[in-house]
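An overview of the molecular structure
Listed here are the chains, written in short residue letters.
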Amino acid sequence: VQLQASGGGLVQPGGSLRLSCSTSGISFDSTPMYWYRQAPGKQREFVADITKSGTIENVEYVDSVKGRFTISRDNAKNTVYLQMNNLKPEDTAVYYCNTIYAHNLYWGRGTQVTVSS
């Protein structure tokens, strides 16, 4: 199982970025996917997830990003995305994707997001 996050960078406050997490080695379309982030000196925190219950897809967000971030997935590309709009300096962190597959937790290498003027 491999996960690789990409798409981070330096952006001004109010700007946007789209993170991608490509995966391999999992049955992607039925596997829940998560985004976490870790700011300097802080614990890693949950950002968003996308899960499936039967045919219904569910998404969840931490309160601080609701209305600004959108998680989505492209099953044909085995990739999950995090569209981040109206970015704020407090969104600065290393962003990680992860999944739980076959009872194991897998983390991808993170991607740095820096929001600064």
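These figures come from a predicted structure and were not determined experimentally. (Residues numbered from 1 in each chain as written. Predicted model: local features only at pLDDT ≥ 70, side-chain atom pairs only at ≥ 80, totals over all residues. Heavy atoms only, no water.)

This brings us to a nonpolar patch on the surface. Together, Ile 100, Leu 105 and Trp 107 make up a nonpolar patch on the protein surface, roughly 280 Å² of accessible area in all. Here Ile 100 lies in strand β9 (residues 93-101). (Patch = residues over 30% accessible without salt bridge, like charges linked within 9 Å, V, L, I, M, F, W, Y side chains within 5 Å. Areas by Shrake-Rupley, 256 points an atom, 1.4 Å probe, with all protein chains shown as cover. Salt bridge = Lys/Arg side-chain N within 4 Å of Asp/Glu carboxyl O. Helix = DSSP H or I, 4+ residues; strand = E, 2+ residues; numbered from the N terminus.)

Moving on, we get to the pairing of strand β3 (residues 17-24). Relative to β3, strand β1 (residues 2-6) runs antiparallel, the two being bridged by 5 bridges. Residue pairing for β3: Leu 3 is matched across the bridge by Thr 23. Sheet topology note: the β3/strand β8 (residues 79-84) ladder contains 6 bridges and is antiparallel. Following the sheet pairing, Ser 22 is matched in β8 by Thr 79. (Pairing = 2+ DSSP bridges.)

With that out of the way, let us pick up the environment of Asp 29. Along the chain, Asp 29 turns up in the loop between β3 and β4 (33-38). Among the residues examined, Asp 29 registers a relative accessible area of 41% and is labelled partly exposed. For the pair Asp 29 and Asn 75, spaced 46 residues apart in sequence, the C-alpha to C-alpha distance is 5.4 Å. If sequence neighbours within four positions are ignored, Asp 29 has contacts with Lys 52, Arg 73 and Asn 75. (Buried < 20%, exposed > 50% of the residue type's maximum accessible area, 1.4 Å probe, protein only. Contact = heavy atoms within 4.5 Å.)

Let's shift gears to the pattern of salt bridges. Scanning the entire structure with this criterion turns up 4 salt bridges. The partner of Arg 37 in a salt bridge is Asp 91, with the nearest N and O atoms 3.0 Å apart. Of this pair, Arg 37 sits in strand β4 while Asp 91 is found in the loop between β8 and β9, placing the two residues 54 residues apart along the sequence. The same class applies to Arg 37 and to Asp 91, which are both buried. Here Asp 63 ties to Lys 66 by a salt bridge, and the two come within 2.9 Å at their closest N and O atoms. For Asp 63, a relative accessible area of 61% translates into the label exposed. Among the charged side chains, a salt-bridge network with shared partners connects Arg 37, Glu 45, Arg 68 and Asp 91.

Pairing within the open sheet is antiparallel, and its 4 strands lie in the order β1-β3-β8-β7. A single partner strand is all that each edge strand has here, and the edge strands are β1 and β7 (69-74). For this sheet, the mean inter-axis angle between neighbouring strands, taken without regard to orientation, is 15°. (Axes fitted to C-alpha atoms, helices over the stretch in contact; angles between N-to-C directions.)

Here we take up the environment of Gln 43. Structurally, Gln 43 is set in the loop between β4 and β5 (45-53). For Gln 43, a relative accessible area of 71% puts it in the exposed group. Sequence-distant contacts of Gln 43, that is, excluding residues within four places in its chain, are made with Arg 37 and Gln 38.

This brings us to the side chain of Thr 99. Relative to the assigned elements, Thr 99 resides in strand β9. A distance of 2.6 Å separates the side chain of Thr 99 from the backbone oxygen of Pro 32, its partner in a polar contact. Dropping the residues within four chain positions of it, Thr 99 is found in contact with Leu 3, Thr 31, Pro 32, Met 33, Tyr 34, Asn 104, Leu 105 and Tyr 106. (Polar contact = N/O pair within 3.5 Å; in protein donor to acceptor, adjacent residues only side chain to side chain.)

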